[in-house]
Amino acid sequence: DTGVSQDPRHKITKRGQNVTFRCDPISEHNRLYWYRQTLGQGPEFLTYFQNEAQLEKSRLLSDRFSAERPKGSFSTLEIQRTEQGDSAMYLCASSAPGQGINTEAFFGQGTRLTVV
Amino acid sequence: QQQVKQSPQSLIVQKGGIPIINCAYENTAFDYFPWYQQFPGKGPALLIAIRPDVSEKKEGRFTISFNKSAKQFSLHIMDSQPGDSATYFCAASTDGNQFYFGTGTSLTVIP
């Protein structure tokens, strides 16, 4: 499978616990995005990386959220001290701008987080 | 503030009909406009995308119409099938930076 891979697919955690999600982008895609999607809404931008550099962060990304892409390949998104409002689908996408006519961004299947 | 406004929220058509989903934007710096299809529990899948230098793009049964002066674009699904029943999102970005998504349209195609 050469698509964007996310792990785990589902995570149930107790309020106050820390969780970490992993995203493996399409090989050679230098741009990686994190989005959050709640039921009935479109994806909301959280942050994105160009290689290992984090270029932009949304105001949605509070200080409890941190994302890394240490070697410019896979990325992790950590949420500390989870709250019930963090329950959502966390989506990762990757793209390779400048390597084609279009700047296609391809999404993974997402990690469904439920905070109880 | 919603950067991309999408309508309608939901749409029901008969098989073979042509559902049309509309999006509008304000930021003239946007230069890439993709449409995504999403099934329940799955991630969004890229359907088709357009840049503002063309007014129409077709891929299979999917067509994007783009009106740069009106800052609007729409998705048409020709000969719709029950398998097209899904939620559709329009989006916009500048240079492939963050993508701004619409609120989605839930499409139901009745057999």
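Above: the structure in question.
Below or above, wherever it landed, is the structure these notes cover. (Residues numbered from 1 in each chain as written. Chains lettered and ligands numbered in written order. Predicted model: local features only at pLDDT ≥ 70, side-chain atom pairs only at ≥ 80, totals over all residues. Heavy atoms only, no water.)

What about the overall build of chain B?
Then, in step 1: Secondary structure assignment for chain B yields zero helices and 11 strands.
Then, in step 2: N-terminal to C-terminal, the α/β element order of chain B is β-β-β-β-β-β-β-β-β-β-β.
Then, in step 3: Relative to the 2.2 N^0.38 estimate, which gives 13 Å for 111 residues, the radius of gyration of chain B is 13 Å and therefore close to what a compact globule would have.
Then, in step 4: Counting only C-alpha atoms, chain B reaches 40 × 30 × 20 Å along its principal axes.
Then, in step 5: A burial count over chain B gives 45% of its 111 residues as buried.
Then, in step 6: Taking the contacts inside chain B whose residues are at least 6 apart along the sequence as the reference set, 52% of them involve residues at least 24 apart.
Then, in step 7: Of the roughly 5200 Å² of accessible surface on chain B, 49% is carried by carbon and sulfur atoms. (Helix = DSSP H or I, 4+ residues; strand = E, 2+ residues; numbered from the N terminus. Rg over C-alpha atoms; globule rule 2.2 N^0.38 Å. Buried < 20%, exposed > 50% of the residue type's maximum accessible area, 1.4 Å probe, protein only. Contact = heavy atoms within 4.5 Å. Areas by Shrake-Rupley, 256 points an atom, 1.4 Å probe, with all protein chains shown as cover.)

Digging into the pairing of strand E1 (residues 4–7) of chain B
All names here are of chain B.
Then, in step 1: Here E1 shows a clear split, with Val4 and Gln6 buried on one side and none of Lys5 and Ser7 buried on the other.
Then, in step 2: With four bridges joining them, E1 and strand E3 (residues 20–25) adopt antiparallel strand pairing. When the sheet's bridge partners are listed, serine 7 is paired in E3 with asparagine 22. (Pairing = 2+ DSSP bridges.)

What about the interface of chain B and chain A?
Then, in step 1: Taken together, the 19 residues of chain B in the interface contact 23 residues of chain A.
Then, in step 2: Of the roughly 1700 Å² buried at the junction of chain B and chain A (both faces included), carbon and sulfur atoms supply 48%.
Then, in step 3: Interface area lost by chain B to chain A is led by B:Gln98, B:Phe99 and B:Phe101, which between them contribute 26%.
Then, in step 4: Viewed at the interface, chain A and chain B are joined by zero salt bridges.
Then, in step 5: Summed over the shared surface of chain B and chain A, the result is seven residue pairs in polar contact (both at pLDDT 80 or more).
Then, in step 6: The residue inventory of the side of chain B that touches chain A, partitioned by class, reads seven nonpolar, eight polar and four charged. (Buried area = accessible area lost by both parts, 1.4 Å probe. Salt bridge = Lys/Arg side-chain N within 4 Å of Asp/Glu carboxyl O. Polar contact = N/O pair within 3.5 Å; in protein donor to acceptor, adjacent residues only side chain to side chain. Nonpolar A, V, L, I, M, F, W, Y, C, P; charged D, E, K, R; others polar.)

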